[in-house]
Amino acid sequence: MTVKTAIIIGAGISGLTAAIYLQRSGLRTLVLEKAANPGGVSTSWKRQGFTFEGGIHWLIGAKKEIPLHQIWLDTGALQDNNPVHFKDPIYTLVDKQGDMPLFRDLHGLEITGLRDRMALWCLRFHLACFKNFHQPIKDLRGLKVRNRKPFSILEYVRMLPAVLVTPFLMARSARGYAKRFKNPRIRQLLAAVVEPDINALSLIYTLGTFQMGDSGYPKGGSLRMAQNMADTFMRCGGEIRYQKPAMELSREGKQWSVRTKDGDLTADAVVVSVDARSAIDTLFKEPLHDNWAKKMREGLRTTQCMFLGIGVKTDLSSWPRSMQIVLPHPLKAAGRIYNTLVVNNYANEEGYAPEGCSVITCLLHGPTYDYWKAAKENSSYAAKKKEVMADFINSIGEMIPEIKENVVVTDMATPLTYERYCSTFEGSYMTNWPPLKRLYHAPVRYCEGLYFTGQRTAYSGGLPPAAQSGHTTAQTVCKDLGLEFAAGCFRI
């Protein structure tokens, strides 16, 4: 019997998920990755002994009772080498009035007094509605599955309260929802959880995962988790070729051909796991003009950010792990003004910095792709990055004085950096899902032998839809090829 073959374009989380399931289901699977490491946008890197976390801030599905957890086990993402820490408080507001923590159970917010009692009651009510909500992991109908997951109508009944309040939450932004609180400090705390312009459903869903005891941080962060998945895939017999980008896809009879700098490769199934919005314009001889592609071009709103990381020669372990810092003076960066900074402090993470040192990272959200593209074209890119970093250090140093004179290494990524390394459209790391807007997705099966996976095939973005889409795409390929889908944890 001839062994079926598959090529996965991109070694991000969705691509690795699909690759592992396909390899274990009997296909000879090859992953092509343009970068030198796995993980795609979910990655971390080292600079002069300091590790900068560029991906995971919390991992949904870290709790064993959450269905998504099974995918993390199946793919080897979570192992003994990266136990999960469940931080509490989630965020701490740091301003001139002192520290104000946001705990998983919202403990402490009652001190705001009677004027916010109704807003707090509504927040608790909406979180209670999401108490049993999770993204179900389903097997495709008609698919041959080893270790099929049993269907439970009770699982869906328990999630009904979340479904009933979803229209209300999708009709307003996270910022609009937070404005229900009169206390500005609570509004600022809630603004740290998700980007304020996306719909309030994302805010409540995220807070709900924390409240149910999920959303932890795996030791070693993004890179260890991605490397675990890559190692699992190769132990299954799969192959990854790093720094081997796919240049063009074309059809050769019933098979698809992938052109690389080393020649053409053909396979029974090709899975595009790089950013579908970029792929429809750059990965085919002629850009795709299907109706879904047209709607994606017209309607896609991207979530962009500037990443700033600093390594400091001082111990910041006494400061909170995750902070929403209110600045005494606004920070101006890339034509935007920031009055607050969402900062992650890795001083208590083992191996992230030399002895007695610490790492601080910050994401500055906002549509700055055009700004940085213009800077690149007029040769001011490097100078402007240096200026933003200097202003950032000065701003954060006003609130954390230990930082100012102790910075030993800095690193900054703009949307152009994400575009260059990860081929993401406009350098975005996820799709912006504003209120009352429909998201247009790439199809899982584009045509015979060609498939899409990744965040642009699912809602919004992040690790959960990446893993789920990889799982769904692998099942779709197996169903089309008449193969039995192999689920269950991989063990050596």
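Draft legend 1. Spotlight on the nonpolar core. Judged by nonpolar contacts, the single largest core of 95 residues is most densely connected at Leu22, Trp72, Leu123, Phe130 and Leu207. The dominant element in this core, judged by the number of residues it contributes, is helix H8 (residues 200–211), at 7 residues. Non-local contacts of Phe130, meaning those with residues more than four positions away in its chain, are made with Ala162, Val165, Thr166, Leu169, Leu201, Ile204, Tyr205 and Met212. Membership of the second largest hydrophobic core comes to 34 residues, among which are Ile310, Tyr381, Met389 and Met412.

Draft legend 2. Highlighting the packing of aromatic side chains. This structure, assessed with the given rule, holds 14 aromatic pairs. For the ring pair Tyr346 and Tyr352, a centre distance of 5.3 Å and an interplane angle of 5° mean the geometry is stacked. Its relative accessible area of 2% is what places Tyr346 among the buried residues. Relative accessible area serves as the criterion here: at 3%, Tyr352 is assigned to the buried category. Aromatic side chains Tyr446 and Phe452 sit 6.3 Å apart centroid to centroid with 90° between the ring planes, which places their arrangement in the edge-to-face category. For Tyr446, a relative accessible area of 24% corresponds to the partly exposed category. Here the aromatic residues Phe130, Phe133 and Tyr205 are joined through ring pairs into a cluster of three or more.

Draft legend 3. View of the sheet that holds strand E12 (residues 255–260). Pairing is antiparallel in the open sheet, where 3 strands are placed in the order E11-E12-E13. Each of the sheet's edge strands pairs with one partner strand only, and the pair in question is strand E11 (248–252) and strand E13 (263–267). The average angle at which neighbouring strand axes cross in this sheet is 30°, direction not considered. Pairing between E12 and E13: 5 bridges, direction antiparallel. Directly across from Ser257, in E13, lies its bridge partner Thr266.

Draft legend 4. Region of the structure containing the side chain of Arg185. Along the chain, the position of Arg185 falls in helix H7 (residues 184–190). Residue classification places Arg185 among the buried residues on the basis of a relative accessible area of 14%. Here Asp95 takes part through its side chain, which lies 2.9 Å from a polar atom of the side chain of Arg185.

Draft legend 5. Looking closely at the packing of helix H12 (residues 369–377) against helix H13 (residues 381–399). It is the contact of H12 with H13, at a shortest axis distance of 7 Å, that shows an interaxial angle of 130°. Comparing the axis directions of H12 and H13 gives the class oblique. Residues Tyr371, Trp372, Ala375 and Lys376 of H12 lie in contact with H13, whose contacting residues are Tyr381, Lys384, Lys385 and Val388. Residue composition of the contact of H12 with H13, by class: 5 nonpolar, no polar and 3 charged.

Draft legend 6. The pairing of strand E18 (residues 336–345), seen in detail. With 8 bridges connecting them, strand E17 (residues 322–333) and E18 associate as antiparallel partners. Residue pairing across strands places Val326 opposite Thr340, the latter belonging to E18. Connecting E17 to the next strand, E18, in antiparallel fashion are 2 residues, including Ala334 with a positive phi near 55°.

Draft legend 7. Representation of H13 in the model. Its 19 residues place the ends of H13 28 Å apart at the C-alpha level, agreeing with the 27 Å of an ideal helix rising 1.5 Å per residue. Buried within H13 are the following residues: Tyr381, Val388, Met389, Phe392, Ile393, Ser395, Ile396, Gly397 and Met399.

Draft legend 8. Quick look at unusual backbone geometry. The omega torsion of the bond from Asp88 to Pro89 falls at 15°, within 30 degrees of zero and hence cis. For Pro89, the position within the fold is in the loop between strand E5 (84–85) and strand E6 (91–95). With phi around 65°, Ser379 is a residue other than glycine that occupies positive phi space. Along the chain, the position of Ser379 falls in the loop between H12 and H13.

Draft legend 9. H12, seen in detail. For H12, the full list of buried residues reads Tyr369, Trp372 and Ala375. Axial view of H12: buried residues confined to an arc of 130°, hence all on one face. In H12, the exposed positions angled more than 90 degrees off the buried face are occupied by Asp370 and Glu377. Residues of H12 that are buried sit in contact with strand E16 (305–312), H13, strand E20 (407–413) and helix H15 (415–422). One or two residues past the end of H12 sits Ser379, with phi positive at roughly 65°.

Draft legend 10. Representation of the packing of helix H5 (residues 160–170) against H8. Close contact between H5 and H8 brings their axes to 7 Å; oriented N to C, the two are set at 130°. With respect to H8, the axis of H5 lies oblique. Packed against H5, whose contacting residues are Thr166, Leu169 and Met170, the element H8 presents Ala200, Leu201 and Ile204 at the interface. Residues of the contact of H5 with H8, tallied by class, amount to 5 nonpolar, 1 polar and no charged.

Draft legend 11. The pattern of salt bridges, seen in detail. The tally for this structure, following the rule as stated, stands at 14 salt bridges. A salt bridge links Glu349 to Arg321, with the nearest nitrogen and oxygen atoms 3.8 Å apart. With Glu349 in the loop between E18 and strand E19 (358–365) and Arg321 in the loop between E16 and E17, this residue pair connects regions lying 28 residues apart in the sequence. For the pair formed by Glu349 and Arg321, the shared burial category is buried. A single salt-bridge network, built from bridges that share partners, covers Arg277, Asp281 and Arg297.

Draft legend 12. Highlighting the state of the cysteines. With the rule as written, the count across this model stands at 0 disulfides. In this structure Cys122 is a free cysteine whose sulfur lies 11 Å from that of Cys129, the closest cysteine sulfur available. No disulfide involves Cys478; its sulfur sits 13 Å from that of Cys236, the nearest cysteine. The class for Cys478 is buried, based on a relative accessible area of 0%.

Draft legend 13. Spotlight on the environment of Glu484. Of note, Glu484 is situated in the loop between helix H16 (463–481) and strand E24 (485–486). Spatially, the C-alpha atoms of Glu484 and Leu450 are 19 Å apart, while their sequence positions differ by 34 residues. Glu484 has contacts with Ser25, Lys144, Val145 and Arg146, leaving out every residue within four places of it along the chain. Among the polar contacts made by the side chain of Glu484, one reaches the side chain of Arg146 at a distance of 3.3 Å.

What counts and how
- Residues numbered from 1 in each chain as written.
- Predicted model: local features only at pLDDT ≥ 70, side-chain atom pairs only at ≥ 80, totals over all residues.
- Heavy atoms only, no water.
- Core = buried A, V, L, I, M, F, W, Y, C linked by side-chain atoms within 4.5 Å.
- Buried < 20%, exposed > 50% of the residue type's maximum accessible area, 1.4 Å probe, protein only.
- Helix = DSSP H or I, 4+ residues; strand = E, 2+ residues; numbered from the N terminus.
- Contact = heavy atoms within 4.5 Å.
- Phe/Tyr/Trp six-rings, centres within 6.5 Å; stacked < 30°, edge-to-face > 60°.
- Pairing = 2+ DSSP bridges.
- Axes fitted to C-alpha atoms, helices over the stretch in contact; angles between N-to-C directions.
- Polar contact = N/O pair within 3.5 Å; in protein donor to acceptor, adjacent residues only side chain to side chain.
- Parallel < 35°, antiparallel > 145°, perpendicular 65-115°, else oblique.
- Nonpolar A, V, L, I, M, F, W, Y, C, P; charged D, E, K, R; others polar.
- Expected span 1.5 Å × (residues − 1).
- Arc of directions from axis to C-beta.
- Salt bridge = Lys/Arg side-chain N within 4 Å of Asp/Glu carboxyl O.
- Disulfide = S-S within 2.5 Å.

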